[in-house]
Amino acid sequence: MKASVPRRRLHRAGVAIALLLAATAGVLGVWRPWIPLPAAAPMGAAIEGADAASEALAPAPLTLPAHPTVLVFGDSWTYGSAATVPTLGYAYVLAGLIDGQTIVNGVRGSGYLKPGLDGPAFGERIAALDPALSPDLVIMQGSINDRKQGVAGYREAVAAAWDAMAAKYPEAAIVVLGPAPHELPVGATTARIDTDLGELAAARGWWYISPIAQGWITAQNYLDVIDVDLGRKHPSTEGHRYLAEKVAAALDEMRAAPVTEAGGSETTPDE
């Protein structure tokens, strides 16, 4: 009996060591100190699922010159539909709010998969852009127009379009402006597009602005922003001004964002 006591103690010690090693392995499998921790969904992006969160990259603070040139690329909202004149659309108004210049490229009805009324889908339009434009920033807006195109091939089309835009203007920062609700409550397909774009942008370390997640358009201000009559559920002139102000404010937040370094320390862009 006495001889069995040391054996029992050794057995218990061995089990304890095994449990400790297993726990350590589990922790190392989750926490890898040599890899920066993924950022939370930037600018209100909705990211769901462990896989999406594990692939998210922290976007760098937005750096722009004092008077930036911004290419705003998108659909009918970028075109300026339902404003008194298209040049009162948010993409044009944005120029004065950021003390810069905007180059507006909006095609009504277009999306990543869907051709527009006066032009093709996003990928073909990007291929036709003038490489000499040399913008400091590209804003990729939209689009709700893909909500009836289905899931198949959507993410691939987005990735191809973003790759093409980044290759066309390699010196430009790229910010993705997700779909804004044209009607309330937000439809399931529009919400799915918002989620897809947010996850894809986060995986690249790009800033993503989600008007849906940030509640830009609510039941309280819907009729002040959206022209439901002649405008066919596009922003009114006042609505476009409101959207331009929201985009400008979002860009200011990105410029003031802290720099998160590996190891957890934070500095501001001025530091």
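Look a little higher up for the structure.
Attention here is on the structure that accompanies the text. (Residues numbered from 1 in each chain as written. Predicted model: local features only at pLDDT ≥ 70, side-chain atom pairs only at ≥ 80, totals over all residues. Heavy atoms only, no water.)

**Some details on the layout of surface pockets**
Okay, so step 1: A volume near 420 Å³ is recorded for the second largest pocket.
Okay, so step 2: Ser76, Gly109, Asn145, Arg232 and His234 are, among the 19 residues lining the second largest pocket, the residues nearest its centre.
Okay, so step 3: Counted by class, the lining of the second largest pocket contains 4 nonpolar, 8 polar and 7 charged residues. (1 Å grid on protein atoms, 1.4 Å probe; cavity = no way out; pocket = protein on both sides within 12 Å on 5 of 7 lines; lining within 4 Å. Points joined across faces, edges and corners; volume = space filled by probe spheres on them. Nonpolar A, V, L, I, M, F, W, Y, C, P; charged D, E, K, R; others polar.)

**Here's the deal with helix H6 (residues 154–168)**
Okay, so step 1: Between the first and last C-alpha of H6 there are 21 Å, a value that for 15 residues agrees with the 21 Å anticipated at 1.5 Å per step.
Okay, so step 2: When H6 is considered as a whole, its buried residues turn out to be Tyr154, Ala157, Val158, Ala161, Trp162 and Met165. Axial view of H6: buried residues confined to an arc of 130°, hence all on one face. Away from its buried face, by an angle of more than 90 degrees, H6 presents the exposed residues Glu156 and Ala167.
Okay, so step 3: Contact partners of the buried residues in H6: strand S1 (69–74), helix H5 (122–127), strand S3 (137–141), strand S4 (173–177) and helix H7 (188–204). (Helix = DSSP H or I, 4+ residues; strand = E, 2+ residues; numbered from the N terminus. Expected span 1.5 Å × (residues − 1). Buried < 20%, exposed > 50% of the residue type's maximum accessible area, 1.4 Å probe, protein only. Arc of directions from axis to C-beta. Contact = heavy atoms within 4.5 Å.)

**Comments concerning the nonpolar core**
The tendency in soluble globular proteins is for nonpolar side chains to be buried as a group.
Okay, so step 1: Core analysis: the biggest nonpolar cluster contains 30 residues, and Tyr90, Leu137, Ile139, Ile217, Val247, Leu251 and Met254 have the highest contact counts within it.
Okay, so step 2: Only S1, helix H4 (90–97), S3, S4, strand S5 (207–209), helix H8 (222–225) and helix H9 (237–255) provide two or more residues apiece to this core.
Okay, so step 3: Top contributing element to this core by residue count: H9, with 7 residues.
Okay, so step 4: Contact partners of Ile139, with chain neighbours within four places excluded, come to Val70, Leu71, Val72, Phe73, Leu94, Val175, Leu177, Val247 and Leu251.
Okay, so step 5: Within the second largest apolar cluster, 24 residues are counted, among which are Leu129, Val158, Tyr169 and Leu200. (Core = buried A, V, L, I, M, F, W, Y, C linked by side-chain atoms within 4.5 Å.)

**Comments concerning empty space enclosed by the protein**
Okay, so step 1: The tally for this structure, following the rule as stated, stands at 1 cavity of 30 Å³ or more.
Okay, so step 2: By volume, the largest cavity is sized at about 80 Å³.
Okay, so step 3: Taken together, Trp77, Tyr90, Gln141, Leu177, Gly178, Pro179, Ala180, Pro211, Trp216, Leu243 and Val247 make up the lining of the largest cavity.
Okay, so step 4: Looking at side-chain class alone, the lining of the largest cavity contains 9 nonpolar, 2 polar and no charged residues.

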